[in-house]
Amino acid sequence: MRTKAFWIPVGLLAAVALAVWGVWTWRLGTANRDLSLSLEAERQRNFADIAYHVEQIQSLMGKGLVTGTPQGNMRYMSEVHQHAQAAVANFMELPLPSELSSATGKFLQQTGDFANSLMRAESTGREMDAATRAELARLQQESQNLSAQLQTITAQYNQGGFRWNPPVQLTWATLWRGAQLPGKPNAEPQAPKSILPGGWNQVGTAMEKLPVMVYDGPFSDHVGQRTPATLGPLVERPEAERRLSQTVPNMGNLRINGVTDVAGPLPAYSFQLAPNGTPAGPGYTATAEITKHGGRLLQLLNSRTIGNPTVDLARARTLGQEYLNTIGYTGMDATYGQAIEGTATIAYALRENGMLIYPDQIKVQIALDTGEVIGVDARQYLMAHHNRTAPQPRISPQEAEERVNPDLQVQRAQLTMIPNQSGTGEILAYEFLTNFGDDTYLVYINAETGGEEQVLQQVETDGGTFAL
Amino acid sequence: MIRRVALGLLLLVVLAVALPSSVGAQGQPTLRWGSRGTSVRLAQRKLQAWGYYKASVDGVYGRRMYAAVILFQRRNGLRADGVVGPATWRALGYTGRAARGGGGRPARGAARSDDVDLLARVISAEARGEPYEGQVAVGAVLLNRVRDSRFPNTVAGVVYQTHAFESVSNGSIYGPPAASARRAARDAMNGWDPAGGAVFFWNPSKPVSRWIWSRPIIKRIGNHVFAR
C-alpha cells in the first residue's frame, strides 16, 4: 500500500508538468496567432493592392483611348503595364485554387503584355489601328467589370469576417483532421472553394469566358498553340529506333531500356538509354527523343560523369557543327557558347542565303573530356524551320547603319532573321555588332521599316559569351 | 529541441561556407601597385563612390590608389597590404564573375547563378531519386511557368508561389541541393525541356486535386506525370 509520502511528490510533479505544458501551449498559441495575423495582413495587402491596380488600369486605359496622340497613348500604356505587373505579382501571392485563379492571372498578365506590345509598336512608328483600338476598349470594359467584382469581394470579406489564414482553433475537427487552409494543394478541391467568399467563384467563371487574345507579345494566346512549321511523314517505332543508332553518339555502348510516348506540339518517341554492362533494371542515364513526324532528333540528354577537360571551347564549336552535319542539320553556324564545369553549351543558328536565321536554333552540349556530344536541343529549330525565300530588304545596309546611335562604334553588320516579341513570327533585320565604351551591344534594325527592333548586350565571361 | 537548434546552426554553417564558393570570387584579377586596366577602374570607381579614393578614375594603380586601398582594408578588418585580392574584391562588393571588360554594373552571370541555385534546390527537394531526365524536367516546368501567363514572371515568384510546391510548404527546399540537381538546373536554364512544355507535374501515387487530372498529359518520367 502506497503512502501519502509517495503520492504528494508525484502529485506535485504532475502539477508542475501540467503547468509547464500549459504555459507552452499558451506560448505556442500566441505565436500561432501572431504568425497568422502577420500573414493575414500580407494577404489582405495583396488583395487590396490588386483592387487598387485594377482600378488604375481601367482608368488609364480609358485615358489611352481618349488621348489624341500616340505619345499620349504610349505614356498611359506604360502606366498600364506597370500597374498590371504589380497586380500580377500581388495576385500570384494569393492562396487561390488554380481552377479559380489561372484565368484571372492570365487576364492580368495579358493586359500588361498587351499594353507593352502596343507601346513597342507605337515606339517604332506604327499607330493603333481600328482593331487594336477595339481590343483596348474591350479590355477596358473587362477591367471595369473585374474592378467591380473585386469591390464586391471586399464587401463580402468585411461582412463575413473572412480570413485567409484564421489562427488554428483548438476544436475537435482540428484535433482529428488538422487545419484547412484556402488553396492548399493536396486538399479536396471543394473545401477551399467553400471557404472563399462567393465573389471569387463569379470572378473565376467570368474570366474563363473571356475571348482568346492574340497580339505580338510573349503571353499572347497563340503562343501556346504553335505547331511545327514543317515536318515529314509519320515514322513507326522500329524506324525511329534505327534513326537512333544513326544519331546518338556512342550508341554502340548503350542499350535501350524503355520507350515512352511524348504528347504535345511535337509528338515524339522517348528512348531511355543505359550504358551496356550496367545491371538490368529500369534505371537509365540518357534520353533521346525522335519526332514521330519526320523521325528527327528532337532532344538528347546524357548525364554521364565528366572527367578532366582536354577540349577547349573553340574545338567544341567545330565538333558540334560536324556532329550536326552528320545527323542532317546542315548549314548551322555557331552563335554563342559557354563552358561551365566540364561541359560546353553552344547555340547554332541556320545560315541560309548569307543570312543568319536565329529562330532556327539548335543547342549542342559537348563533354570537354572526350569531345563527345552529350546533349542536343532541336525543339526551336523543328518548330520554326520552313522554306524561306531569299531575303529582299527594302533598306540598304548603309541606310540601316545611319539609324544606329552615332555614339556606338559599329564593328560588323550582317543580315539576320530574328524572332518577334511573341516568338511566333520573324523579322528581317540588320544586326550591328557595336562597342559602347567597354561594352558590346548588338543592335537590330528592321530591314523593311528601318525601325530599331531590339538591343542586346553581349556579355563575355570566363566561360564564354552570351547575349542578354 | 537543442538538437534541432544544433542542426539548424550546422545547416547555417554549411550554407555560409557553400554559398560564397558557389558564386565564386575568382572573377576579378588581383591588383597591386602598377596594375592597369578596367579592373583597376572598377575598384577606383567603387572606392571613389565610398570616399576613399579622391583622384581621377584613370585605370592606373598609383600612389593615391595605394593609400585608398590601405585605408579601405584597415577600416574593413582586412589585412592592410595594398593588394586587392579575392577578400578585398568581396568587401568591394564584387563576388560574381564580372564581365571581362565590364563596366561598373554587376554582371548578369551572378543573377543567373542565383536562379540556378534556387532551381537546384527545388529540383533536389521535389525530384530526389528520380532519373536525371526527370530532374531536368522539373526544372523545365518551373521555367515554363515563368513564361506562362497563368504564373508569376520570375523564378523566385514561381518557386515561392503560395502552395505551389510541396517542398516549399514543408520546408525541404531549404536543404543543400544534390550535385545532380545543380547540373539539371543548369541544363534546364540552357533550354533543355524533357517535359515538352509542361507547366504541371505530380506524383500519381499521392493524393492530388481532381482538377489537375483534367490537364492534357504530355509525358511520364519516373514517378511523375507532366502536363500542360
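Our subject is the structure that appears above.
Below is a short write-up of the structure.

The rules behind these values
Residue numbers here run from 1 along each chain, matching the order of that chain's written sequence. By the order in which they are written, chains take letters starting at A while ligands take numbers starting at 1. At least 70 in pLDDT is required for a residue's local features to be given in this predicted model, at least 80 for side-chain atom pairs to be given and counted, and no such filter applies to totals for whole chains, interfaces and linings, which use all residues. Secondary structure elements are defined from DSSP: runs of H or I of at least 4 residues count as helices, runs of E of at least 2 residues count as strands, and each element is numbered from the N terminus. Each radius of gyration is computed over the set of C-alpha atoms, and the globule rule expresses the reference value as 2.2 Å times the number of residues to the power 0.38. Comment: burial labels come from other C-beta atoms within 10 Å of the residue's own C-beta, placed from the backbone, where a count of 20 or more is buried, 12 or fewer is exposed, and between is partly exposed. Two residues form a contact once the distance between their C-beta atoms, set from the backbone, is within 7 Å. For this classification, Asp, Glu, Lys and Arg are treated as charged, while Ala, Val, Leu, Ile, Met, Phe, Trp, Tyr, Cys and Pro are nonpolar and the rest, including Gly, are polar. Helices are assigned an expected span. That span is 1.5 Å times one less than the residue count. Convention adopted: a line fitted to C-alpha atoms gives each axis, helices being fitted over their contacting stretch, and angles between N-to-C directions are expressed from 0 to 180 degrees. Our angle categories are set so that under 35 degrees counts as roughly parallel, over 145 as roughly antiparallel, 65 to 115 as roughly perpendicular, and the remainder as oblique. Note: crossing handedness is left-handed where the near helix turns anticlockwise from the far helix by less than a right angle, and right-handed where it turns clockwise. Strand pairing is defined by DSSP finding a minimum of two bridges between the two strands. Residues enter a nonpolar core if they are buried, belong to Ala, Val, Leu, Ile, Met, Phe, Trp, Tyr or Cys, and are joined to the set through C-beta atoms within 7 Å.

Looking at the overall build of chain A
Then comes step 1: Regarding its fold elements, chain A presents 11 helices and 13 strands.
Then comes step 2: A globule of 468 residues ought to have a C-alpha radius of gyration of about 23 Å, yet chain A, at 30 Å, is considerably larger.
Then comes step 3: Across the 468 residues that make up chain A, the buried fraction comes to 35%.
Then comes step 4: Contacts in chain A between residues far apart in sequence, at least 24 positions, make up 60% of those at least 6 positions apart.

Regarding the interface of chain A and chain B
Then comes step 1: Counting residues at the interface gives 47 residues for chain A and 46 residues for chain B.
Then comes step 2: When contributions to the side of chain A that touches chain B are tallied by element, the ones reaching two or more residues are helix H2 (70-93), helix H3 (98-123), strand S1 (254-262), strand S4 (297-302), strand S8 (373-377) and strand S12 (452-461) of chain A.
Then comes step 3: Counting residues per element, the side of chain A that touches chain B draws most heavily on H3(A), which supplies seven residues.
Then comes step 4: Considering only residue class, the side of chain A that touches chain B consists of 18 nonpolar, 18 polar and 11 charged.

A look at H3(A)
Residues and elements named next belong to chain A.
Then comes step 1: End to end, H3 covers 36 Å across 26 residues, agreeing with the expected 38 Å (1.5 Å per residue, within 8%).
Then comes step 2: Burial of H3 is extensive: 20 of the 26 residues sit out of reach of the surface.
Then comes step 3: Just downstream of H3 lies glycine 125, where phi reads positive at about 95°.

Describing helix H9 (residues 179-189) of chain B
Then comes step 1: H9(B) sits mainly inside the fold: eight of its 11 residues count as buried.
Then comes step 2: All of the buried residues along H9(B) are B:Ala181, B:Arg182, B:Arg183, B:Ala184, B:Ala185, B:Arg186, B:Asp187 and B:Ala188.

Observations concerning the packing of helix H1 (residues 4-66) of chain A against H2(A)
All names here are of chain A.
Then comes step 1: For the pair H1 and H2, the least separation of the axes is 8 Å and the interaxial angle reads 160°. With respect to their mutual orientation, H1 and H2 come out roughly antiparallel. When the axes of H1 and H2 are compared, the crossing they make is left-handed. The residues of H2 that touch H1, namely those facing Asn46, Asp49, Ile50, His53, Val54, Gln56, Ile57, Leu60, Met61, Lys63 and Gly64, are Asn73, Tyr76, Met77, Glu79, Val80, His83, Ala84, Ala86, Ala87, Asn90, Phe91 and Glu93.
Then comes step 2: Residues that form the contact of H1 with H2 fall into these classes: 12 nonpolar, seven polar and four charged.

Considerations on unusual backbone geometry
Residue and element names in this part refer to chain A.
Then comes step 1: For glutamate 341, which is not a glycine, the phi torsion comes out positive at approximately 50°.
Then comes step 2: One non-glycine residue, asparagine 353, lies in the positive phi region at around 50°.
Then comes step 3: As for its position among the elements, asparagine 353 is in the loop between strand S6 (343-352) and strand S7 (355-367).
Then comes step 4: For asparagine 353, a count of 10 C-beta atoms within 10 Å translates into the label exposed.

Some details on the pairing of strand S3 (residues 286-291) of chain A
Residues and elements named next belong to chain A.
Then comes step 1: Most of S3 is tucked away: six of the six residues are buried.
Then comes step 2: Here S3 shows no split at all, with Ala286, Ala288 and Ile290 on one side and Thr287, Glu289 and Thr291 on the other all buried.
Then comes step 3: Direction of pairing for strand S2 (residues 268-275) relative to S3: antiparallel, over a ladder of six bridges. Bridging from a neighbouring strand, leucine 273 pairs with alanine 286 of S3.
Then comes step 4: Of the strand pairs in this sheet, S3 and S4 are connected by five bridges, and their pairing is antiparallel. Across the sheet, residue alanine 288 finds its bridge partner in S4, namely leucine 300.
Then comes step 5: Counted between consecutive antiparallel strands, the loop separating S3 from S4 contains five residues, among which glycine 294 sits at a positive phi close to 90°.

Comments concerning the nonpolar core
Then comes step 1: One finds B:Leu119, B:Val122 and B:Val141 to be the most contacted residues of the largest nonpolar core, which totals 129 residues.
Then comes step 2: Other than its neighbours up to four places away in sequence, B:Val122 contacts B:Val138, B:Leu142, B:Val159, B:Phe165, B:Ser167 and B:Ile173.

Regarding the pairing of strand S2 (residues 217-221) of chain B
Residue and element names in this part refer to chain B.
Then comes step 1: Pairing of S2 with strand S3 (residues 224-227), which is carried by four bridges, proceeds in the antiparallel orientation. When the bridges of S3 are listed, isoleucine 221 appears paired with histidine 224.
Then comes step 2: Between S2 and S3, which follow one another and run antiparallel, lie two residues, and glycine 222 among them has a positive phi close to 55°.

Read these as spatial facts, not as claims about activity.
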